Amino acid sequence: MNTFLDSLQLAWGLIVGGDAELWRIALLSLRVSGCAVLIGAVLGLWLGAWLAVARFPGHGLLVWLLNTLLALPAVVVGLLVYLLLSRAGPLGSLGLLFTPTAMVVAQTLLVVPLIAALSRRLVQAALDEGGDQLRSLGAGPLRSALLLLVHERLGVLTLLLTAFGRAVAEVGAVMIVGGNIAGITRVMTTAIALETSKGDLALALGLGLVLLAIVGAANGAILLAQWWAEQARAPAPATPLAARPVLAAAPARPVSQPLIALQQAGVSFGERIALQPLTLTLARGERLALIGANGSGKTTLLRLLHGLLPHSGRIERAELQPEGRAPRLAMLFQKPFLLRLSVYRNVWIALWLGGVPAAQRPQRCHEALAAVGLDGQAQRPARALSGGQQQRLALARAWATRPDLLLLDEPTASLDPSAKREVETLIEQVAAAGVTVVMSTHNLGQAKRLADRVAYFEAGRLVAERPAEHFFTDPTLPTEAAQFLRGELPWT
């Protein structure tokens, strides 16, 4: 007689035959572990997101404690909960010991550190990619972290599955606080241990198969979600530029009025000077191109103007009349960060972060997307777009906020010639609508075409600044700028 095969056959019979005891135990396990993971997700995801962005005395100690709790044995958690809920404990009057509620409490304490620690690392990794760009849209630290959890939702599902696996498979805590009472607190793991010790291998094996099936189904759901996400990345045709509506013009703005002024503003990282103090005024409606080699300070200046960097000196922003408000700023980064959401939702979130009333968001989303030829793809995943389409989406996202100053960090650096022409056309339309544009570029032809003023930077220093029509032919240019225009690299 083959004990294993016989037990397996009997176990299968219990499963398909709907054995009442087996399914009662399985359903209780699902309720207890499911509730624990649900509560643990609410607490752990929020805690992980907060720890990823918060900075306060004792932050490192709290992170160390959280990571230490990852290895906390289940029996220790069970003992602590038992002491709290026992008749002589501080919560004994609640009468929760040896109930499913006590088991939920114990498993929640097990999974919260796991969810918090893993979600914190998930957010930190995503912050490196998109933290500054979310800040540029108006998101505060905690809101950025929570948005990044939505962005990394497949990763969040995976860590919740891991937490569920730990909860549903642990035996020590639920044994201590639940008491393994038949029909009341007996779950799959405690029943498997009990029935195996009694020699009832059929019920034990049946419960083991059900447990394996539950975890397998959860894994299958994750794989299905990943497959669906990949299918949604199928390429879609672009809308011809000629068929797109032109970006609507803003109300007429006097070009000569100052919009923003830097007064001896500079940026340093420790002892390294990234941008030497400079004085620069931007007028309403003008177009300034920043040129120079990599590391010359162009991107640093853009981030400084946008308020993303600490700085010395002063930044003065004009109060716009008749609106009576400070200028609105938007920035298009060299590699735009798009949330793993739809094209439409990426623009909608920018408007939400910018405080645009809910009733106005749908129309402004569709107007901005139509202007860049993406309204027909509004429900597609943003990250399924081509490089040129993603840059156009980022431009639509910035334009939808109706900025007074648009900062562009090498907006066509990684695009093919056709996509470059399209993005340049959109930039010209934005500038023609009266928006002040500051753009860094390595493309001197682009600077000639799009700018009315050009500034050359080298080693964090503003070397030369001229009107565009004179910059490229001015014989009085400083030597460094003249060499750059001839194609001579400043470090050779």
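Note that this is a predicted model, so its numbers are computed, not measured.

Conventions and cut-offs
- Residues numbered from 1 in each chain as written.
- Predicted model: local features only at pLDDT ≥ 70, side-chain atom pairs only at ≥ 80, totals over all residues.
- Heavy atoms only, no water.
- Helix = DSSP H or I, 4+ residues; strand = E, 2+ residues; numbered from the N terminus.
- Rg over C-alpha atoms; globule rule 2.2 N^0.38 Å.
- Buried < 20%, exposed > 50% of the residue type's maximum accessible area, 1.4 Å probe, protein only.
- Contact = heavy atoms within 4.5 Å.
- Areas by Shrake-Rupley, 256 points an atom, 1.4 Å probe, with all protein chains shown as cover.
- Phe/Tyr/Trp six-rings, centres within 6.5 Å; stacked < 30°, edge-to-face > 60°.
- Lys NZ or Arg CZ within 6 Å of the ring centre and 35° of its normal.
- Expected span 1.5 Å × (residues − 1).
- Arc of directions from axis to C-beta.
- Salt bridge = Lys/Arg side-chain N within 4 Å of Asp/Glu carboxyl O.

Peer 1: I would appreciate a short explanation of the overall build of the protein chain in the present structure.
Peer 2: Broken down by element type, the protein chain carries 18 helices and nine strands. Here the C-alpha radius of gyration of the protein chain, 30 Å, is well above what a compact globule of 492 residues would show, namely 23 Å. Projected onto the principal axes, the alpha-carbon positions of the protein chain cover approximately 100 × 50 × 50 Å. The buried share among the 492 residues of the protein chain stands at 49%. Of all intrachain contacts in the protein chain linking residues separated by at least 6 positions in sequence, the fraction that spans at least 24 positions is 73%. Only carbon and sulfur atoms are counted for the fraction: they give 62% of the accessible area of the protein chain, which is about 22900 Å².

Peer 1: Looking at this structure, I do not really get the packing of aromatic side chains. What am I missing?
Peer 2: The relative placement of two aromatic rings is captured by the distance of their centres and the angle of their planes. Under the definition given, this model contains six aromatic pairs. Ring geometry for Tyr-82 and Phe-98: centres 6.3 Å apart, planes at 55 degrees, overall tilted. Of the two residues, Tyr-82 is situated in helix 4 (residues 74-85) and Phe-98 in the loop between helix 4 and helix 5 (100-136); the sequence distance between them amounts to 16 residues. According to the relative accessible area criterion, Tyr-82 is partly exposed, its value standing at 30%. Ring geometry for Tyr-456 and Phe-484: centres 5.1 Å apart, planes at 45 degrees, overall tilted. Of this pair, Tyr-456 sits in strand 8 (residues 453-458) while Phe-484 sits in helix 18 (residues 479-485), placing them 28 residues apart in sequence. Among the aromatic residues, ring-to-ring pairing joins Trp-46, Trp-50 and Phe-56 into one connected group. Above the ring of Trp-348, the side-chain terminus of Arg-345 is found at 4.9 Å from the ring centroid. Across from the ring centre of Phe-472, 5.0 Å away, lies the NZ or CZ of Lys-448, which sits over that ring.

Peer 1: What's the story with helix 1 (residues 3-16) in this structure? I'm lost.
Peer 2: Note on helix geometry: an α-helix contains 3.6 residues per turn, so any two residues three or four positions apart are oriented the same way. Here helix 1 contains 14 residues, and its C-alpha end-to-end distance of 20 Å stays within 8% of the 20 Å for a straight helix at 1.5 Å per residue. Every buried residue of helix 1 is accounted for by Ser-7, Ala-11 and Ile-15. All buried residues of helix 1 lie within an arc of 75 degrees about the axis, which places them on one face of the element. Turned more than 90 degrees from where helix 1 packs its buried face, Gln-9, Leu-10, Trp-12 and Val-16 sit exposed. Backbone geometry just downstream of helix 1 places Gly-18 in the positive-phi region, at approximately 70 degrees.

Peer 1: Help me understand the pattern of salt bridges, please; the structure alone is not making it clear to me.
Peer 2: Between side chains of opposite charge, a pair can form as their charged atoms come close. Inspection of the entire model under this criterion finds 13 salt bridges. The shortest N-O distance in the salt bridge between Arg-449 and Glu-424 comes to 2.7 Å. Here Arg-449, found in helix 16 (residues 444-450), pairs with Glu-424, found in helix 15 (residues 417-432); they are 25 residues apart in sequence, far enough to count as distant. Of the residues examined, Arg-449 reaches a relative accessible area of 47% and is grouped as partly exposed. The exposure class assigned to Glu-424 is buried, which follows from its relative accessible area of 10%. For the salt bridge of Arg-453 with Glu-465, the shortest nitrogen-to-oxygen distance reads 1.9 Å. In this pair, Arg-453 is assigned in strand 8 and Glu-465 in strand 9 (residues 461-467), connecting sequence segments twelve residues apart. Residue class for Arg-453 comes out buried when judged on its relative accessible area of 14%.

Functional significance is not addressed by these values, which are geometric in nature.
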